[in-house]
Amino acid sequence: MTMFGRQFRDGLQRYTAYKCSRVGSRLLSSLDVLDHEERLESCITSLPSKAKVVICGGGVMGAAVAYHLARRGWGEQTVLIEKEKVGAGSRWHSSGLVGAFKPSLAQVRLAQSSIRLLQELESRGRSTGWKQCGSLLLARTRDRMTVYRRMKSQSVSWGIPCELVSPKRCQEIWPMLNVEDILGGLWIPGDGVGDPHLLCMSLMKEAIASGVGVMEECSINAVHSKDDRVSGVDTSQGSIECEYFVNCAGFWARQVGQLAKPQIKVPLLPCEHYYLHTKKIENLDPMTPVVRDPDGYIYLRERDGCILAGGFEPIAKPVYEEEIETSAQRCVPEDWDHFHVLLQELLKRVPALSQATLHKLCNGLEAFSPDCKWIVGEAPEMFNYHVAAGMKTVGISAAGGVAEATVDEIVDGYTKYDMYELDINRFLGLHNNKRFLRDRVKEVPGVHYGLPYPFHEFETGRNLRMSPIYPTLRDNGAVFGQVMGYERPTWFEAVDKEQASPDQPRPFKIAHTKTFGKPHWFDIVQREYWACREAVGLADYSSFTKIDIQGPEVVNLLQYLCSNDVDVPIGSIIHTGMQNERGGYENDCSLARISENHYMMIAPTIQQTRCKVWLKRHLPRNGSVTLSDVTSMYTAICILGPFTRNLLSELTDTDLSPTNFPFFTFKELDVGLANGIRAMNLTHTGELGYVLYIPNEFALHVYNRLMTVGEKYGISHVGYYASRALRVEKFFAFWGQDLDTMTTPLECGRTWRVKFDKDIPFIGKDALLRQREVGIHRQYVQLLLTDHDHELDLWSWGGEPIYRDGNYCGQTTTTSYGFTFKKQVCLGFVQNLDNEGVPHRVTNEYVLSGHYEIDIAGIRYAAKVNLHSPNLPTKYPDKERDVYQATRKLHEPQQFLGRHYQP
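Residues numbered from 1 in each chain as written. Predicted model: local features only at pLDDT ≥ 70, side-chain atom pairs only at ≥ 80, totals over all residues. Heavy atoms only, no water.

Draft legend 1. The sheet that holds strand β4 (residues 135-139), seen in detail. In spatial order, the strands read β5-β6-β4-β15-β16-β17-β14-β19-β18; together these nine strands make up an open sheet with mixed pairing. Every interior strand has two partners, whereas the edge strands, β5 (163-165) and β18 (331-332), have only one. Those strands touched by helix α4 (residues 142-158) are β4, β5 and β6 (184-188), and its axis lies near 140 degrees from that of β4. Against the sheet, helix α8 (residues 336-349) engages β4, β14 (274-278), β15 (290-293), β16 (298-303), β17 (306-311) and β19 (358-364), with an angle of about 70 degrees to β16. (Pairing = 2+ DSSP bridges. Helix = DSSP H or I, 4+ residues; strand = E, 2+ residues; numbered from the N terminus. Contact = heavy atoms within 4.5 Å. Axes fitted to C-alpha atoms, helices over the stretch in contact; angles between N-to-C directions.)

Draft legend 2. Local environment of α8. Under the 1.5 Å per step criterion, the end-to-end length of α8 is 19 Å for 14 residues, consistent within 8% with the ideal 20 Å. Along α8, the sharpest change in direction is near 35 degrees and occurs at L342. Three or more residues of α8 are buried, namely W336, H338, F339, L342, L343, E345, L346 and R349. Looking at where α8 begins, the residue whose side-chain oxygen comes 3.1 Å from the main-chain nitrogen of D337 is D335. (Expected span 1.5 Å × (residues − 1). Bend = angle between axes of the 7 residues up to and from the residue. Buried < 20%, exposed > 50% of the residue type's maximum accessible area, 1.4 Å probe, protein only. Polar contact = N/O pair within 3.5 Å; in protein donor to acceptor, adjacent residues only side chain to side chain.)

Draft legend 3. Fine view of the pattern of salt bridges. Using the criterion set out here, one finds 48 salt bridges in the structure. The partner of K317 in a salt bridge is D335, and the shortest N-O contact between them spans 2.8 Å. Taken together, the positions of K317 in the loop between β17 and β18 and D335 in the loop between β18 and α8 put the pair 18 residues apart, joining distant regions of the chain. Note that R617 and E378 form a salt bridge whose closest N and O atoms lie 2.8 Å from each other. Here R617, found in helix α14 (residues 608-618), pairs with E378, found in strand β21 (residues 375-378); they are 239 residues apart in sequence, far enough to count as distant. For R617, a relative accessible area of 34% gives the class partly exposed. It is possible to trace a salt-bridge network through shared partners that takes in R140, D181, D293, E345, K348 and R349. (Salt bridge = Lys/Arg side-chain N within 4 Å of Asp/Glu carboxyl O.)

Draft legend 4. Quick peek at the packing of aromatic side chains. As enumerated under the stated definition, the model contains 36 aromatic pairs in all. Relative to Y449, the ring of F312 has its centre 5.2 Å away and its plane inclined at 80 degrees; by these criteria the two rings are edge-to-face. In this pair, F312 sits in the loop between β17 and β18 while Y449 sits in the loop between α10 (434-440) and α11 (470-475), placing the two residues 137 residues apart along the sequence. For Y449, a relative accessible area of 10% corresponds to the buried category. (Phe/Tyr/Trp six-rings, centres within 6.5 Å; stacked < 30°, edge-to-face > 60°.)

Draft legend 5. Region of the structure containing the sheet that holds strand β1 (residues 53-56). The mixed open sheet is built from six strands, whose spatial order is β8-β2-β1-β12-β22-β21. In this open sheet, the two strands that pair with only one neighbour each are β8 (213-215) and β21. Across the sheet, the mean angle separating the axes of adjacent strands is 15 degrees when strand polarity is ignored. Bridging between strand β2 (residues 78-81) and β8 involves three bridges; their strand directions are parallel. Paired with V79 across the bridge in β8 is G213.

Draft legend 6. The nonpolar core, seen in detail. Judged by nonpolar contacts, the single largest core of 106 residues is most densely connected at I55, M61, V65, W374, V402 and M680. In terms of residue count, the dominant contributor to this core is helix α2 (residues 60-71) (nine residues). C56, V230, L365 and M382 belong to the second largest nonpolar core, which has 37 residues in total. (Core = buried A, V, L, I, M, F, W, Y, C linked by side-chain atoms within 4.5 Å.)

Draft legend 7. Inspection of the side chain of K765 at higher detail. Within the fold, K765 resides in helix α18 (residues 765-774). Of the side chains with opposite charge, D766 comes closest to the buried, unpaired K765, at an N-O distance of 6.3 Å. A distance of 2.9 Å separates a polar atom in the side chain of K765 from the backbone oxygen of F756. (Lys, Arg positive; Asp, Glu negative; His and termini not counted.)

Draft legend 8. View of the packing of helix α12 (residues 522-534) against helix α17 (residues 720-729). The interhelical angle for the contact between α12 and α17, taken along N-to-C directions, is 60 degrees, at an axis separation of 8 Å. Taken together, α12 and α17 sit at an angle that is classed as oblique. As for how α12 packs across α17, the hand of that crossing is right-handed. When α12 is examined against α17, the residues V525, E528, Y529, C532 and R533 are found in contact with a partner set consisting of Y721, A722, A725, L726 and E729. By residue class, the composition of the contact of α12 with α17 is seven nonpolar, no polar and three charged. (Parallel < 35°, antiparallel > 145°, perpendicular 65-115°, else oblique. Left-handed = near helix turned anticlockwise from the far one by under 90°. Nonpolar A, V, L, I, M, F, W, Y, C, P; charged D, E, K, R; others polar.)

Draft legend 9. Quick peek at the pairing of β1. The side-chain alternation of β1 yields two buried faces, one formed by V53 and I55 and the other by V54 and C56. Across four bridges, the pairing between β1 and β2 is parallel. In the sheet register, V54 faces β2, and the bridge partner there is V79. Handedness of the crossover is the feature at issue here: the chain leaves β1, passes through α2, returns alongside β2, and the resulting connection is right-handed. Pairing of β1 with strand β12 (residues 244-247) involves four bridges; the strand directions are parallel. Residue pairing for β12: I55 is matched across the bridge by V246. (Right-handed = clockwise from strand over helix to strand, strands pointing away.)

Draft legend 10. Structural view of helix α6 (residues 196-209). The terminal C-alpha atoms of α6 lie 20 Å apart, and with 14 residues this matches the ideal 20 Å at 1.5 Å per residue to within 8%. The buried fraction of α6 amounts to 12 of the 14 residues, a majority that puts the element mostly inside the structure. Restricting attention to buried positions, one finds in α6 the residues P196, H197, L198, L199, C200, M201, S202, L203, M204, E206, A207 and I208. Structurally, α6 contributes buried residues whose contacts are with α2, β2, α3 (105-123), β8 and α9 (395-412).

Draft legend 11. Focus on the state of the cysteines. Scanning the model with the defined rule gives zero disulfides in all. The structure places no disulfide on C826, whose sulfur is separated from the nearest cysteine sulfur, that of C809, by 12 Å. (Disulfide = S-S within 2.5 Å.)

Draft legend 12. Summary view of the environment of D540. One can find D540 in strand β25 (residues 536-540). C-alpha of D540 to C-alpha of G719: the two residues are 179 residues apart in sequence and 7.7 Å apart in space. Sequence-distant contacts of D540, defined by excluding residues within four places in its chain, comprise S467, I469, L473, P489 and A636. Among the polar contacts made by the side chain of D540, one reaches the side chain of S467 at a distance of 3.0 Å. Within the local environment of D540, its side chain forms a polar contact with the side chain of S542, the two groups lying 2.5 Å apart.

Draft legend 13. Here's a closer look at the environment of L827. As for its position among the elements, L827 is in strand β39 (residues 823-833). For L827, a relative accessible area of 0% corresponds to the buried category. Note: C-alpha distance between L827 and L784 (43 residues apart in sequence) is 8.9 Å. Setting aside anything within four residues of it in sequence, one finds L827 in contact with R727, V728, F731, F732, D738, Y780, V781, Q782, T812, T813 and T814.

Laid out in structure tokens, this is it:
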């Protein structure tokens, strides 16, 4: 053990024993302010028989939800239930870090809302521990400095003042730092720290003053539903009827979810998490900034004249949370061997720590979600059951914003932020499997400080959902990414068939892109791209969401839910958005009309839970429409390219000529010796081709026939990255990357897919009519970088600021290299912002009249703007394919569309 470790042990034995044994009794210590915990007064002693909202959890998140409900006038109709004491839990087990920079815009906006709440409470004399001391991020590597340069450029979009600093400046900001191996840093003056316990108590006092009832030492036993909606709660102190339930149970949110009937899946699992405290250090400035050294996995801050240090180790230790029943039990014995990796880095970064008098090492358990993101939103299993959990170690920086969004959703039915990436509907049942969580959560904490390379992939929890052709694709060189638990080929490596052993399957390989410049898979994806443009490419689309919707009222339901006209001839395919009341996209999907009262919906993979919930929410109560999730019943193989009709014609007796099987139509085919294959004449990328939805038992047979007959047509395997390049170049928007709940069809050039004159008014029609009248305030565009060297320059990977005539005007969404354009291609939104940042009406003339640049890590590259899908040159022109465009000019003739083509 190091000298540091011995010092720690020697000075701590007495106090550690005292704390771990007596933390439950909350004895006050004259030595440590962190032992002092306030007690809430004015708690209710018995539960009312009814309430509108019941909140479970008296931590900072539950307190914030109660506070925001009170502010919206629901205070007297809200009851908060806490199984111990409000604000319980050791104050030693929190870092109190409050940073505005987060991985996405939605999280940034939520964090900024939390900071505003802290400042607002402090201005009213409520104690929160808030100090705007700033934070300093250190970089040891060039890639980390690239991350900071990207953050600096993004800060314009996100409204976060920050400054790139030299190693010398880093040491001026934090004199105790060793900067010998530091290349630079990022200084964020608006960041700060707070005290979760003080914030919790201040929020609770405000909530109680506005009528919220708080019941302590009361446990939830069950949450009941009626007609799929929350109806009441059973507790250890009696039952209470309610209309809404909010699970803010934090560490115990998963177990509380299991108490609901039906059970609510809240995928969280705890890991050990360390907080190292020193004794007081002389002359330590109370405004000492937070230091984060992500390349060493560590952070440091000042607290009450002492240093608090911690980190996020690359490999964490999951625990069995069933044994943890109280807040006191979350204080578990330290593991010096496991903490050693962080200890070494702390001593390296701040050598003076070895001379400090060390107080204690606290091992406090923290719960993490399987993708390292917060869990927010209405549960798919039960309406009006809301979850606000998974805030990990930074609940104080999330609570204010997440609570505000949760309350907005309860009161108004929607939030002012696009929350899809944090929504609990991003999960399936598999994500709540305890064994999956124990496997995955080992690498989750390390994501906090890992390098955020493009297309991050987890290495645990893999080989879970696989199509029947997965082993064959693997043996043919597939390198896999995971989406919704599904293994999806990203690209295909060359395989030497002569050296391959039939008895030895090829090892499973996980995709990676460990660069911010030209990726190592560039040439491979280029070959796959050209196979789709000039020969035949075969891609596995099995992960796509597939739902059968049937019943005598199915047409009326879909006309109400869809902005396009779905009452099309049997055999037609319609591409449509499903809008919300604000006109934003809740779903973007294709609907194949199988028969008069039967449609098959194809939606993005990440929509599997979400779109079912949206449909379920609007189903007729009389059972006249039913849903069947058939995602796992069909293997989907897409063949793309100019010779796909020739290929498929050799495998089926059905006439595939354009007159018999037009573009954007559906037929049930025999392929090879198999039958019952749902064939759709479209590709989702703009290329000519077909998607075959094959019953699983026939999948391998059909695949083998396609590959065998396809040899003469130059068939190649194609991964997701090539498909992405095709669709970005063709200007095709994708839900979850370009489209979201805040984006309307008018903003992304898809007004022609909105049928305002339908007999049945669709959801969002009024909002879109208003927007059509007043004009849009942002426009979806395609930008081609004209002075960018894809070999040498850093690439655009999404989220970069766009400048028009030298002024910030928007952000990129999806990006890719365009192999036909031979240029980097960026999709994104352009706004017309005035000097105050207020958006004004955007017109085509405004967009086309500007000179554009995209800022990639601090360097601006000139860009040419497109408003409509480009006509790409091809060796094999096809009238069907050429008219299939994602956007259209207003009066473009539709001479080749035919009666069936109504995408």
